[in-house]
Structures are given as C-alpha cells and as structure tokens.
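Analysis of the macromolecular model
Next come the chains, spelled out residue by residue.
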Amino acid sequence: MASIKRLKKDIDYLTFAVIDDCLNCLSYGKSTDDISGIVQDVIDARNSMRQRVNVGRSLAKNEKRAHYRAIYKDLMISVDGAFSKLSELVKEA
C-alpha cells in the first residue's frame, strides 16, 4: 500500500463502482428495496473504513501497517460481498 491518500481513493472508487452497478440494475427494473439495502450497506462500510483510516494516524508507527492492511482486507471483503448480493439479484430475473 502506497499511502493513506491512495487507500482513501481506493475505498471511494470501489464503493462507487458498486453503487454504479446498483444504479444500472435499477434501470433494468430490479426491485428498489433490495438494491437500496445493498447501497446502504456499502455506504455504511465506506464511512466506517474512512473513519478507521483517519484513526490510524494516531497509532504508533509499528501498528500502522497492520491497521491499514486490515482496512484494505475489510474493503475487499465488503465490496466482494456487495457484488455477490447484486449478482444474485440479477440471476433471479
């Protein structure tokens, strides 16, 4: 991981990629309740991760690397889960 700035950009980029795909599904007539749940979960996870990134600045130098790696791992799990839920909704149609 290169920097905190890059981590924040990755969090935003992946979050907005999920939201973009959700909006595409809405344009094809999918249920708004299911998709809005996915979007809300992704936004909550994004906000939580951004707060965790900001808290990492106050950690000791030897703890920072593990802290940011855990955030990146949680980001990948969150985004993968959201895309999986979205793909299940698409398969139902």
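Residues numbered from 1 in each chain as written. Predicted model: local features only at pLDDT ≥ 70, side-chain atom pairs only at ≥ 80, totals over all residues. Heavy atoms only, no water.

As for the confidence of the model for the protein chain
Parts of the model with low pLDDT should not have their predicted coordinates read in detail. Predicted confidence across the protein chain gives a mean pLDDT of 91, with 97% of residues reaching 70 or more. Mean pLDDT across the elements of the protein chain bottoms out in helix H3 (residues 61–92) (92) and peaks in helix H2 (residues 32–55) (94). (pLDDT = per-residue confidence, 0-100. Helix = DSSP H or I, 4+ residues; strand = E, 2+ residues; numbered from the N terminus.)

Observations regarding the state of the cysteines
The full count for this structure, using the stated rule, is zero disulfides. The closest cysteine sulfur to the non-disulfide-bonded Cys25 is located on Cys22, 6.5 Å from its own sulfur. Overall, Cys25 belongs to the buried group, its relative accessible area being 11%. (Disulfide = S-S within 2.5 Å. Buried < 20%, exposed > 50% of the residue type's maximum accessible area, 1.4 Å probe, protein only.)

What about helix H1 (residues 4–27)?
A rise of 1.5 Å per residue sets the reference length of H1, with its 24 residues, at 34 Å; its end C-alpha atoms lie 35 Å apart and thus fit the reference within 8%. Taken together, the buried positions of H1 are Leu7, Lys8, Asp10, Ile11, Asp12, Leu14, Thr15, Val18, Ile19, Cys22 and Cys25. Buried residues belonging to H1 abut H2 and H3. (Expected span 1.5 Å × (residues − 1). Contact = heavy atoms within 4.5 Å.)

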